[in-house]
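Fold and geometry: a report
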Amino acid sequence: MPWRLNGTSNDSELNLILLPPKMVTIGRDEGCTLVLVQKQVSRRHIEIHWAPGIGHQEGHWRIRDCGSTAGTFVNGVKLTAHQEVRLNHRDVFEIRPWKFQVVGPSSDNTIGLVPQTLAAESEVEGEYEALSDAQSTANLAQGLLVKLVEASQTLHKATDEETVGQAAVVSITDATGFSNVAFLKGVDWRSPEVVAHRGAILGSQGELEISRSLLKRSMNGIYILKGGVSSGTLGASLESLDIRQAICVPVEAGSTFFGWLYLDNRTGSATDSPTKEVAGFAKAVASMLGLALSNIQRSQMQQRFNLEKKLMVDGTMRALIEAIDAKDPYTRGHSDRVSKFAILLAQAAKLSDEQIKQAGVGGLLHDIGKIGVSEKILCKPTHLDPEEFAQIKDHPRLGYKILKDIPQVRDLLPGMLQHHERWDGSGYPDNLKGEEISQLGRILCIADCFDAMTSARVYRPARSISEVRAEIKRCLGTHFDPKFGEIFLSIPESELLPLISTAPQPVAQ
């Protein structure tokens, strides 16, 4: 049976647990794992699925919009139709009017989804009073306006969630005289996360000591505590903590709810500042905090999207490299080894970190074009005839054509195209000479040749490292860039030996 959510209360007890490799679907259709009955929810709105780890990448949960009409929002950023992204702990995703917060993953990779609707709550009880935005701003005195300008400048300089939250808390305590202030993040008033605080917000064991009932009421507006403990009508937390004054303000930007700014004073610390005036100041700070958090969150989501693109490109490149290895088993691992030799050479040449990285990636991708060369030619156990060799010589151009429209590797293209060019101009595909060849091309040429000569082939055995080093020295200024060649020869054999192919000599058919 599917789970169903059709209420409008902000205190739903549902906590949906996801256990890999199970996939969860959410939408209006009765066949979904979780059914949301609101009409703005699409029939199959989202999927949440487990992505197993590949290589060094850990497994993780992912959310995908299924082409919904109203859209899916992750941390306030709308996914495009059918876009998917990794889910992290404390992420908030919206299928409006519902919000869900991700709790986890735990050690067994399970995560929980805690729902929280966006429906307004009009309840006003006993000692609590709701305060509209207009009422709050009308009560700002001139002194607090000055403090608000100072707070704005401080929040503007903050660059991460914790820093901006702490700036808001400090601004409120300094300006209002309230001794206990916190920025609490989350959409579930039962278990908010303390991002920043001052005063008696946490108990001796780290437990949260505030009025959660005030948080609950403040999901959709400003609430203040009108009376003190003597009224006898307050909640248990207010009675036990002896709270004399309390204000709670939602922190939001547009339709995105981030959490609360919570303020209270307890016995012996009540301030003379008018409560509504303080609430107005806190609301103004909350507005600036919400805007700052929105900007930070949008930047973080963009970084996450960029990482998704990079992982996708990396995965595609790795698949192509493995396809080449599958076509020519005698050169399996060649691209990985060329990458490592190129990195060693770039490091020995004291190139920049970015250039060292390019050498490594260029080494991985330099032979991508061989995907377009037949296995018959790649694996031929005898010398190639002129027509066959012409096809082999075309693989740098094929690689260039395959990768030229991928922005992430654009800077590597010259090196990949030119790794068979020679210093004296006798190389291919363009007979470039000397420094007409890109720096990366000259580095890859040395790394490629070194691995080729120290690896066994079906038509010849591997050569010893001393023989290969002698050959490189002999060809300085003809085949190889003399400067980079000398630098490569300066690399200790102890650093090269662990990287050399140990594959056995293949047997000719």
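Residues numbered from 1 in each chain as written. Predicted model: local features only at pLDDT ≥ 70, side-chain atom pairs only at ≥ 80, totals over all residues. Heavy atoms only, no water.

The secondary structure content of the protein amounts to 16 helices and 18 strands. For the protein, the residues scored as buried account for 51% of the 509 residues in total. When contacts within the protein are restricted to residue pairs at least 6 apart in sequence, those whose partners lie at least 24 apart make up 61%. Carbon and sulfur atoms make up 52% of the accessible area of the protein, which totals about 23,700 Å². (Helix = DSSP H or I, 4+ residues; strand = E, 2+ residues; numbered from the N terminus. Buried < 20%, exposed > 50% of the residue type's maximum accessible area, 1.4 Å probe, protein only. Contact = heavy atoms within 4.5 Å. Areas by Shrake-Rupley, 256 points an atom, 1.4 Å probe, with all protein chains shown as cover.)

A separate point is the packing of aromatic side chains. Tallied over the entire structure, the rule returns 7 aromatic pairs. Relative to W260, the ring of F257 has its centre 5.3 Å away and its plane inclined at 75°; by these criteria the two rings are edge-to-face. Accessibility assignment for this pair places F257 and W260 in one class, buried. One aromatic cluster is present, formed by F93, W98 and F100 through successive ring pairs. (Phe/Tyr/Trp six-rings, centres within 6.5 Å; stacked < 30°, edge-to-face > 60°.)

This next bit is on the nonpolar core. In this structure, L365, L403, F450, I472, F480, F488 and L496 are the most contacted members of the largest nonpolar core, which totals 44 residues. Broken down by secondary-structure element, the contributors of at least two residues to this core are α6 (275-327), α7 (334-348), α8 (353-365), α12 (413-417), α13 (439-454), α14 (465-474) and α15 (482-489). Broken down by element, this core gets its largest block of residues, 9 residues, from α13. Not counting the four nearest positions on each side in its chain, F480 is found in contact with W423, C445, I446, C449, I472 and C475. Membership of the second largest hydrophobic core comes to 35 residues, among which are F183, V195, A282 and L293. (Core = buried A, V, L, I, M, F, W, Y, C linked by side-chain atoms within 4.5 Å.)

Another aspect to go through is the environment of V361. For V361, the position within the fold is in helix α8. Since its relative accessible area comes to 28%, V361 is described here as partly exposed. As for V361 and V338, which are separated by 23 residues in sequence, their C-alpha atoms are 9.7 Å apart.

Within strand β17 (residues 243-253), 9 of the 11 residues are buried, which leaves the element mostly enclosed by the surrounding structure. Summarising the sheet, strand β16 (residues 222-225) and β17 pair through 2 bridges and their orientation is antiparallel. What sits directly across from Y223, in β17, is C248. In the sheet, β17 pairs with strand β18 (residues 256-266) via 10 bridges, with the strands oriented antiparallel. What sits directly across from A246, in β18, is D264. Linkage of β17 to β18, two consecutive antiparallel strands, is achieved through a turn of 2 residues, within which G254 is found at a positive phi near 60°. (Pairing = 2+ DSSP bridges.)

The N-to-C vectors of α13 and α15 enclose an angle of 45°; their axes lie 10 Å apart at closest approach. The orientation of α13 with respect to α15, classified from their angle, is oblique. For the element pair α13 and α15, the recorded crossing hand is right-handed. Note on element contacts: α15 touches α13 through F484, G485 and F488, opposite Q439, R442, I443, I446 and F450. In the contact of α13 with α15, the residues fall into 5 nonpolar, 2 polar and 1 charged. (Axes fitted to C-alpha atoms, helices over the stretch in contact; angles between N-to-C directions. Parallel < 35°, antiparallel > 145°, perpendicular 65-115°, else oblique. Left-handed = near helix turned anticlockwise from the far one by under 90°. Nonpolar A, V, L, I, M, F, W, Y, C, P; charged D, E, K, R; others polar.)

Tracing the chain through its elements places K370 in the loop between α8 and α9 (375-378). Look past the residues within four positions of K370 in its chain and what remains in contact with it is I324, K327, L378 and H395.

All right, on to the confidence of the model for the protein then. The predicted model of the protein has a mean per-residue pLDDT of 82, with 82% of residues at 70 or higher. By mean pLDDT, helix α1 (residues 133-138) is the weakest element of the protein at 54, and α15 is the strongest at 97. Across residues 7-12, where pLDDT falls below 50, the model places 20 contacts with residues more than four positions away in sequence or in other chains. (pLDDT = per-residue confidence, 0-100.)

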